Amino acid sequence: QVQLVESGGGLVQPGDSLKLSCAVSGPGLILEHYGIGWFRQAPGKEREGVACISGKDGKTTYVDSVKDRFTISKDNAKNMVYLQMNNLQPNDTAAYYCAADLIYYGGNYHYTGTLFLAQYDYWGQGTPVTVSS
């Protein structure tokens, strides 16, 4: 069983930055064997993908609305994944979730770099981000 715990959310003003952290854990877990995604859900809206990263080689994918503002990164030694968010805007307000997708099975890696919710097997509880003046 994989557990994910998000932290780092808070209340910021437009233009500010925030760094979210996702601690990934589980018996014998190897972060390299997973793709990790960040998702967000604003009040009254559906959950959407923001960014994802391959635990194997660090390949990344971003949704267009956050490109050039958000950066996803990982530290395999610490089993941590981060989301650096710069120039935050009110429409970035949401609960942010990290999720894990097993990409290593059958002796091969199967990272697709997609942000389909159904692809991710394990989810954290979320951390709230509010951007308001």
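Look up a bit, the structure's there.
Computed from a prediction, not measured in an experiment: that's the story for all the values here.

J.: Is there a simple way to think about the pairing of strand 5 (residues 48-54) in this case?
T.: Remember that side chains alternate between the two faces of the sheet whenever the strand is regular. Judged by how many residues are buried, strand 5 sits mostly within the fold: six of seven residues are covered. Relative to strand 5, strand 4 (residues 34-41) runs antiparallel, the two being bridged by six bridges. For G37, the partnering residue across the bridge sits in strand 5 and is C52. If you look at the hairpin formed by strand 4 and strand 5, you'll find six residues sitting between the two strands, and G44 has a positive phi there, around 80°. Across three bridges, the pairing between strand 5 and strand 6 (residues 60-62) is antiparallel.

J.: Quick question: what am I supposed to make of the state of the cysteines here?
T.: Each disulfide consists of a covalent bond between the sulfur atoms of two cysteine residues. Scanning all chains against the criterion turns up one disulfide. The residue that forms a disulfide with C22 is C98, at a sulfur-sulfur distance of 2.1 Å. Here C22 and C98 share a disulfide; its torsion about the S-S bond, 75°, makes the bridge right-handed. With a gap of 76 residues between them, C22 in strand 3 (residues 18-25) and C98 in strand 9 (residues 94-102) connect regions that are remote in the sequence.

J.: So what exactly am I meant to see when it comes to the side chain of E6 here?
T.: Assignment of secondary structure puts E6 in strand 1 (residues 3-7). Buried and without a salt bridge, E6 has R47 as its closest oppositely charged side chain, separated by 7.3 Å. At a separation of 2.9 Å, a polar atom in the side chain of E6 contacts the main-chain amide nitrogen of C98. A polar contact is formed between the side chain of E6 and the backbone nitrogen of G126, at a distance of 2.8 Å. Leaving out residues up to four positions away in the same chain, E6 has contacts with S21, C22, W38, Y96, Y97, C98, G124, Q125, G126 and T127.

J.: Can you help me understand the environment of E48 in this one?
T.: Turning to its location among the elements, E48 is positioned in strand 5. Between the alpha carbons of E48 and M85 there is a distance of 16 Å; along the sequence they are 37 residues apart. Those residues in contact with E48, other than ones at most four positions away along the chain, are F39 and R40. Side chain to side chain, E48 and R40 meet in a polar contact 2.7 Å long.

J.: Would you take a moment to explain the sheet that holds strand 1 for this structure?
T.: In sheet architecture, strand pairing relies on hydrogen bonds along the backbone and comes in two forms, parallel and antiparallel. Pairing within the open sheet is antiparallel, and its four strands lie in the order 1-3-8-7. With one partner strand each, in any of the chains shown, strand 1 and strand 7 (70-75) form the two edges of the open sheet. Here the strands of the sheet are splayed against their neighbours by 15° on average, with no regard to which way each runs. Pairing analysis gives five bridges linking strand 1 to strand 3, with the strands arranged antiparallel. Residue Q3 lies in a different strand from strand 3, and its bridge partner there is S25.

Analysis parameters
- Residues numbered from 1 in each chain as written.
- Predicted model: local features only at pLDDT ≥ 70, side-chain atom pairs only at ≥ 80, totals over all residues.
- Heavy atoms only, no water.
- Buried < 20%, exposed > 50% of the residue type's maximum accessible area, 1.4 Å probe, protein only.
- Helix = DSSP H or I, 4+ residues; strand = E, 2+ residues; numbered from the N terminus.
- Pairing = 2+ DSSP bridges.
- Disulfide = S-S within 2.5 Å.
- Lys, Arg positive; Asp, Glu negative; His and termini not counted.
- Salt bridge = Lys/Arg side-chain N within 4 Å of Asp/Glu carboxyl O.
- Polar contact = N/O pair within 3.5 Å; in protein donor to acceptor, adjacent residues only side chain to side chain.
- Contact = heavy atoms within 4.5 Å.
- Axes fitted to C-alpha atoms, helices over the stretch in contact; angles between N-to-C directions.

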